[in-house]
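What follows is each chain in one-letter form.
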Amino acid sequence: MNKIIATLLIFLCFSFVLNAQINFTANDQVPDYNGTFRLGVNPGYHGSDWSDEDLANLAAGNNSLGVEGVGVQAFRASLPEHFLEQWGYDVEVNDFQHYESVGMDDHVVFVGYPSDDHLDMAFHCSDHQSKLFANLYLDIWDGGANGTPVNDDNYYALYIYQMVTMYQDYVKFWEIWNEPDFDYGGHAYKDPGMDGNWWDNVPEPCDMSIRAPIFEYIRMLRISYEVIKSIDEDAYVAIGGLGYPSFLDAVMRHSDNPNNGQVNTEYPNRGGAYFDVLSYHSYPHIDGSLREWDNASGGFIYFRHSDAAMEGVMQKKTDFNQVLNNYGYNDQLYPAKKWIITESNIPGIAFDDDMGSDEAQRNFIIKTRVACELNDILQYDVYRLARKVSAADADDGFDAMGLYERISDIEPYEQVMTDEGIACLTMTELLVDATFSATATADLNLPDDVGGAAYLNADDSYTFILWAVTETDQSEFAAATYSIPASMDITNLEKREWNFSHTNNVSNVAATGISLTGAPVFLRGMESGVSVSENNSLSQTLDVFPNPTQKHVQLVIKGTAAADLKIEVINIIGNLIEQRAVDYAGVNAVYDFDCSDWATGTYLMEVRSEEGVEVRKIVVE
C-alpha cells in the first residue's frame, strides 16, 4: 500500500510540474524584493587566459588565492542559447557555484541569441535576417507530450525552461535580450511628431538590433514570463537593457499579436503584463544629458562633471518611469515595476567633446551608487570589470571604462586597480555591514550644494557619504561646508577618503563645519557625542594587534565583567571568515587568530554580547 501511495504522489507531482501553467501576469503582482542593494559588474570579455572564475575573483576577491578584489557583489552574465546548445545546459553551473563561494549572488542573466538550427530564417527587411528564434508563435505549452511542460518545438520556450530549471538558484533577474532597442535608424531618440519617431510609429524591424518586428520581442517577453514564473514565481523577468523610452512606449501599447500588436482573446495583454523589472543602460557622456542647446550663442552649453553625469542616469529613470505611469504601472491600476541598471559608467579619458577623467570616474561610481539607493534601484552593474585597452591605445570613452587597468595581455593575477576600482573597494568595505536609511538621510536635511546619504551600521553607528555638488564644466572642483544636525546628537566623526581601501588613513573631525569637496567622503559616528573608535558598548575593552598583520592577529579583551561573547571575522563583502564563541570569565584574555590563509585586504572583527557589539578593523598585508 505504501508503495502505491508513493507512486501516486510521484505521479501527481510530475503531472503538476508538466502542467504548471500560471494564471497571473505582472498586471496582477510583482514579487516583493527582500534582498539588499547590490553593486554588480558587467565583466566583458578579456581574453582566453581569464576564466569566469578568474573574473569573479577579481570582482569579489578570493581568500584562498589571496586576491583582494574590488568588492563587487553580483555579476551581469549571459547564457545564450547557442552557447548552451553547444556545450550543454549545465556548462556554467560550476562557475555560478564559484560566484556564490566568493560572496556574489542575486545575479542578472541576459538571455536570447539562438543557435543556427533554431534561428528564424525570415528577412523582415531586404538585407538583414531576423536575430530571433524560429517558431515563437507555436503553442508555449503541450501538457507534457514530450516530457517537459513546454512545447519542445517552440525553441525559445524550451530554451528558457531548460536554462531556468538549471540556474534558478543562482539568478535573481532574467533580462530578456541585451539592448533590443539598439537603434540603427536614428529614430528612437526623436520626439513625438518627428518623422519616423517611435512614439507615434511602430519601430521598423531593421532599425532595431533584433531585426524583427517589435511584436515578436513582446512575444519573447510573454514566453519568458509564463515559463519562468511556472518554475519560480519569485524570480524577476526584466525587459532588457533598454536605452530609449520610446521603445518602452511601443512595447506598452502593443500586444504580442503578429497582426500589428492588436489585443484580442488570443493575445489579451500588452507588453507591460510580461515583465516585473525595468532594466536600463545609461552612458551620460554620449546620451545628451550633459549638454543643452543655447539659442543665444548658437551652440551647446556643457555640464561635464560627475554630479551632472549621476543626475543624467537618474533622469533616464524618470523618463522611463513617466512611460510606465502613463500606462498605469504605479501601484494604482497595476503594480509598479522594480528597477535595475545593468550597464553604466563614464570614461576615464576624455575624447572629442565627451567628458572623461579618472577623478570624475571615481566620483561618479560613488555618487551613482548613493543615487541608486535614494531612487529605489535594486542593482547597479558597472561597465566593465577591466579597461579594454591601455590609455595609449584607447579610441573612445568605452575603452577607458573599468575597475582595473587592461588585463587582456597579462597573466592572472597581475592586475592593477584603477582609481574607480579603489573607490569601489572603499565603498564596499565601509558599507559591508550597513543599510541605507531613508529616515536618517531625510534627517540630514542636506542643502542644495551638498549631496549624500546616511547608512545605518550593524553596531547602530551611522556612515554618512557626503560631497560638495560639482557645477563647473570639465571640473570636479567644488567646496561646501556642512554640519550634522544637532538633533542627531553626533559631535565627533571618523573621516575616510575615496582611497581608504589602499591608504587606511582615518582622521577625526567635528560634526559641525565639515569641509567638503567634489570627492565624496565617508564619515562615521554614533549618537551620544563620541566617535566609533572611542565608544565601548561592551563592559570590556578590546584591542587587536599586530595591525596591520601578515600571519596572525591577537584579540585582547580587558575588563571585570563576565559575559558570553561571540566573535566573528568577516571580509569586506560580508563573508564569514571565522567564528568563535567565548565564555569570558571577567579577567584579561588573549585570543589568537591565524590569518596566514586570509587574502590580503581588510576585515572586520565583531565582538557581540547581550550588551551590544564592538567592531575592530584588521588589515592583512
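Residues numbered from 1 in each chain as written. Predicted model: local features only at pLDDT ≥ 70, side-chain atom pairs only at ≥ 80, totals over all residues. Heavy atoms only, no water.

This part is about the state of the cysteines. As enumerated under the stated definition, the model contains one disulfide in all. Here Cys 125 engages in a disulfide with Cys 206; their sulfurs sit 1.2 Å apart. Between Cys 125 and Cys 206, the disulfide has an S-S torsion of -50° and is therefore left-handed. Here Cys 125 is found in strand β4 (residues 123–125), whereas its partner Cys 206 is found in the loop between β6 (171–176) and α6 (214–231), with 81 residues between them in sequence. For the pair shown, Cys 125 and Cys 206 are each scored as buried. The thiol of Cys 372 is not disulfide-bonded; the next cysteine sulfur, from Cys 424, is found 12 Å away. (Disulfide = S-S within 2.5 Å. Helix = DSSP H or I, 4+ residues; strand = E, 2+ residues; numbered from the N terminus. Buried < 20%, exposed > 50% of the residue type's maximum accessible area, 1.4 Å probe, protein only.)

You can see Arg 304 is positioned in the loop between β10 (299–302) and α8 (306–326). We classify Arg 304 as buried; its relative accessible area is 10%. Here the alpha-carbon distance between Arg 304 and Thr 470, two residues 166 residues apart in the chain, equals 9.6 Å. Residue contacts for Arg 304: discarding those within four places in its chain leaves Leu 290, Asp 353, Asp 354, Met 355, Thr 472, Asp 473, Gln 474 and Ser 475. Among the polar contacts listed, one links the side chain of Arg 304 to the backbone oxygen of Asp 353, at a separation of 2.8 Å. (Contact = heavy atoms within 4.5 Å. Polar contact = N/O pair within 3.5 Å; in protein donor to acceptor, adjacent residues only side chain to side chain.)

Judged by nonpolar contacts, the single largest core of 122 residues is most densely connected at Tyr 156, Met 163, Tyr 167, Trp 174, Leu 248 and Leu 403. Residue contributions to this core peak at 10 residues, all from α6. Not counting the four nearest positions on each side in its chain, Trp 174 is found in contact with Val 109, Val 111, Met 163, Val 164, Tyr 167, Gln 168, Ile 228, Ala 235, Tyr 236, Val 237 and Ala 238. One finds Ile 567, Tyr 591, Trp 598 and Tyr 603 within the second-largest nonpolar core, a separate group that totals 22 residues. (Core = buried A, V, L, I, M, F, W, Y, C linked by side-chain atoms within 4.5 Å.)

Within the closed barrel, the eight strands sit side by side as β1-β2-β3-β6-β7-β8-β11-β12. Their pairing is parallel. Pairwise comparison of adjacent strand axes, ignoring direction, gives a mean angle of 25° for this sheet. As paired elements, strand β1 (residues 38–42) and strand β2 (residues 74–78) share two bridges and run parallel to each other. In the sheet register, Val 41 faces β2, and the bridge partner there is Phe 75. Here α8 sits on the sheet and contacts β7 (236–242), β8 (277–282) and β11 (338–344); the angle it forms with β8, its principal contact strand, is near 140°. (Pairing = 2+ DSSP bridges. Axes fitted to C-alpha atoms, helices over the stretch in contact; angles between N-to-C directions.)

With that out of the way, let us pick up the packing of aromatic side chains. Tallied over the entire structure, the rule returns 31 aromatic pairs. Lying over the aromatic face of Tyr 184, Arg 211 brings its terminal NZ or CZ to 4.0 Å of the ring centre. Its guanidinium or amino end placed over the ring of Tyr 302, Arg 304 lies 4.0 Å from that ring's centre, counting from NZ or CZ. (Phe/Tyr/Trp six-rings, centres within 6.5 Å; stacked < 30°, edge-to-face > 60°. Lys NZ or Arg CZ within 6 Å of the ring centre and 35° of its normal.)

So, about the layout of surface pockets. What the largest pocket holds in volume is close to 1100 Å³. Along its surface, the largest pocket is lined by 40 residues, and Tyr 244, Ile 286, Asp 287, Gly 288 and Lys 316 are the ones closest to its centre. Listing elements by their share of the lining of the largest pocket, those giving two or more residues are β7, α7 (245–252), β8 and α8. Considering every element that reaches the lining of the largest pocket, the biggest residue donor is α8, with five residues. By residue class, the composition of the lining of the largest pocket is 16 nonpolar, 10 polar and 14 charged. (1 Å grid on protein atoms, 1.4 Å probe; cavity = no way out; pocket = protein on both sides within 12 Å on 5 of 7 lines; lining within 4 Å. Points joined across faces, edges and corners; volume = space filled by probe spheres on them. Nonpolar A, V, L, I, M, F, W, Y, C, P; charged D, E, K, R; others polar.)

Packing of α8 against helix α9 (residues 358–374) leaves a shortest axis separation of 9 Å and a crossing angle of 40°. Classified by the angle between their axes, α8 and α9 sit oblique to one another. At the point where α8 passes α9, the crossing takes the right-handed sense. On α9, the residues that touch Ser 306, Asp 307, Ala 309, Met 310, Val 313 and Met 314 of α8 are Ala 360, Asn 363, Phe 364, Lys 367, Thr 368, Ala 371 and Cys 372. Broken down by class, the residue content of the contact of α8 with α9 amounts to eight nonpolar, three polar and two charged. (Parallel < 35°, antiparallel > 145°, perpendicular 65-115°, else oblique. Left-handed = near helix turned anticlockwise from the far one by under 90°.)

Taking 1.5 Å of rise per residue, the 12 residues of helix α10 (residues 419–430) would be expected to cover 16 Å, and the 17 Å separating its terminal C-alpha atoms lies within 8% of that figure. Here α10 lies mainly inside the structure; 11 of its 12 residues are buried. (Expected span 1.5 Å × (residues − 1).)

A few words on the side chain of Glu 175. With respect to the helices and strands, the residue Glu 175 is situated in strand β6. The class for Glu 175 is buried, based on a relative accessible area of 0%. Polar side-chain contacts of Glu 175 include one of 2.8 Å to the side chain of Thr 342. Residues within four places of Glu 175 in sequence aside, it is in contact with Arg 76, Val 108, Val 109, Phe 110, Val 111, Ala 238, Gly 240, Gly 241, Ser 279, His 281 and Thr 342.

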